[in-house]
Amino acid sequence: MSVMKRLSMIFKSKANKALDKMEDPRETLDYSYQRQLELLQKVRRGVADVATSRKRVELQINQIEQQASRLEDQGRKALSVGREDLAREALTRRSSLQTQIADLRVQHDNLQAEEEKLTTASQRLQAKVDSFRHKKETIKATYTAAEAQTRINEAFSGISEEMGDVGLAIQRAEDKTAQMQARAGAIDELLASGALDDFSGSRSDDIQAELDRMGGGRDIELELARMKAELGQGPAPQASIEQGQPQAQPQHQTQQLRQPGEPA
């Protein structure tokens, strides 16, 4: 195969593919139906033309028959008055008219046969056009439904793909969330156990918290004992204060600390 033939085949194949992609079957069917209607119209016009010609021939035959009948009457009258020459001339013209009538009748019969043939063809074509019209509408409706179904399926396919992507994104988000929660829980456990140091100072273990509470209680007791000593209500025993349990003062020491003039 030569290069030119291959290029020609490639060009034709690509052009055919492009035309097939651009072609809408519904438009093609409508165009074919329109062409059939035009052809049917031409056939009907031909039937009308043939019928008109046949009618014209019929009128001519009637006119010529009237002329022949009139010539026959004139010949009879001429013969009755003894004018045999005029009667012969009238009969000669009548014979010529009858020949014309015979030719016209043959033409009339041909036109009538052609008219019947065209009428039958027109009726058959009309039936075919009607059948094609019904088939055309059915094919168009089926094609439209198939086209709509295809678009719906394509839309659903696109939605399915998008939903699949969304599902994957949700799954990844859930996995990352679970991983972060597990990491946060592990860090909390490590901080609580003291395995990790909390440099922010916002967290401490349970033992340190208990020691802080106990230290705070002792500070309060020491401060309370100091205030009592200042008010003369008794000295604050250091041992009791250090243990966080201030001891009660003896009664006689309390009486010695009373000022003169105070009631006993």
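Residues numbered from 1 in each chain as written. Predicted model: local features only at pLDDT ≥ 70, side-chain atom pairs only at ≥ 80, totals over all residues. Heavy atoms only, no water.

Looking at the overall build of the chain
(1) Moving on: The secondary structure content of the chain amounts to 6 helices and 0 strands.
(2) Moving on: When the elements of the chain are put in sequence order from the N terminus, they spell out α-α-α-α-α-α.
(3) Moving on: Relative to its 264 residues, the chain shows a buried fraction of 14%.
(4) Moving on: Once local pairs closer than 6 in sequence are excluded, the contacts in the chain between residues at least 24 apart make up 68%. (Helix = DSSP H or I, 4+ residues; strand = E, 2+ residues; numbered from the N terminus. Buried < 20%, exposed > 50% of the residue type's maximum accessible area, 1.4 Å probe, protein only. Contact = heavy atoms within 4.5 Å.)

Looking at helix H2 (residues 25-80)
(1) Moving on: An ideal rise of 1.5 Å per residue puts 82 Å on 56 residues; H2 measures up with 82 Å between its terminal C-alpha atoms.
(2) Moving on: In the segment just after H2, Gly-82 is the residue with positive phi, at about 85 degrees. (Expected span 1.5 Å × (residues − 1).)

A closer look at the pattern of salt bridges
(1) Moving on: In this structure the tally under the stated criterion is 16 salt bridges.
(2) Moving on: Ionic pairing is found between Glu-115 and Arg-54, a salt bridge with its closest N-O pair at 2.4 Å. On the criterion of sequence distance, the pair formed by Glu-115 in helix H3 (residues 84-193) and Arg-54 in helix H2 is long-range, its members being 61 residues apart. Neither Glu-115 nor Arg-54 differs from the other in exposure class; each is buried.
(3) Moving on: Taking the shortest distance from any N to any O, the salt bridge between Glu-89 and Arg-93 comes out at 3.3 Å. Of this pair, Glu-89 and Arg-93 both sit in helix H3, 4 residues apart, roughly one helical turn.
(4) Moving on: Taking the relative accessible area as the measure of exposure, Glu-89 reaches 40% and is therefore partly exposed.
(5) Moving on: Because the salt bridges share partners, they merge into one network encompassing Asp-30, Lys-136, Glu-137 and Lys-140. (Salt bridge = Lys/Arg side-chain N within 4 Å of Asp/Glu carboxyl O.)

Concerning the side chain of His-108
(1) Moving on: With respect to the secondary-structure elements, His-108 resides in helix H3.
(2) Moving on: With relative accessibility at 12%, the residue His-108 sits in the buried group.

Concerning the packing of aromatic side chains
(1) Moving on: Following the criterion strictly, the structure yields 1 aromatic pair and no others.
(2) Moving on: Summarising the aromatic geometry, the rings of Tyr-33 and Phe-132 are spaced 6.4 Å apart at their centres and angled 15 degrees between planes, so their arrangement reads as stacked. Of the two residues, Tyr-33 sits in helix H2 while Phe-132 sits in helix H3, which places them 99 residues apart along the sequence. Note on accessibility: Tyr-33 and Phe-132 belong to one class, buried. (Phe/Tyr/Trp six-rings, centres within 6.5 Å; stacked < 30°, edge-to-face > 60°.)

Describing the side chain of Arg-26
(1) Moving on: Mapped onto the elements, Arg-26 comes out in helix H2.
(2) Moving on: Owing to a relative accessible area of 19%, Arg-26 belongs among the buried residues under this scheme.
(3) Moving on: Those residues within four positions of Arg-26 in sequence are excluded, and the remaining contacts are Lys-140, Tyr-143, Thr-144 and Glu-147.

Structural notes on the nonpolar core
(1) Moving on: Core analysis: the largest hydrophobic core is formed by 10 residues, namely Val-50, Val-57, Ile-61, Ile-64, Ala-68, Leu-71, Leu-97, Ile-101, Leu-104 and Leu-111.
(2) Moving on: The set of elements that each furnish at least two residues to this core consists of H2 and H3.
(3) Moving on: When near neighbours in sequence (up to four residues on either side) are disregarded, Ile-61 contacts Ile-101, Leu-104, Arg-105 and His-108.
(4) Moving on: Formed by 8 residues, the second largest nonpolar core is a distinct cluster that contains Tyr-33, Leu-40, Val-43 and Phe-132. (Core = buried A, V, L, I, M, F, W, Y, C linked by side-chain atoms within 4.5 Å.)

What to know about the confidence of the model for the chain
Low pLDDT means the predicted atomic positions in that stretch should not be read closely.
(1) Moving on: Overall, the prediction assigns the chain a mean pLDDT of 76, with 66% of residues at 70 or greater.
(2) Moving on: Per-residue pLDDT, averaged within each element of the chain, yields its smallest value for helix H6 (residues 251-256) (43) and its largest for H2 (89).
(3) Moving on: Predicted confidence is poor over residues 239-264, with pLDDT under 50, and the contacts of this stretch with residues over four places away or in other chains come to 21 contacts. (pLDDT = per-residue confidence, 0-100.)

Things to note about the environment of Ser-32
(1) Moving on: Counting through the fold element by element, Ser-32 comes out in helix H2.
(2) Moving on: For Ser-32, a relative accessible area of 25% puts it in the partly exposed group.
(3) Moving on: With 104 residues separating them along the chain, Ser-32 and Lys-136 place their C-alpha atoms 9.4 Å apart.

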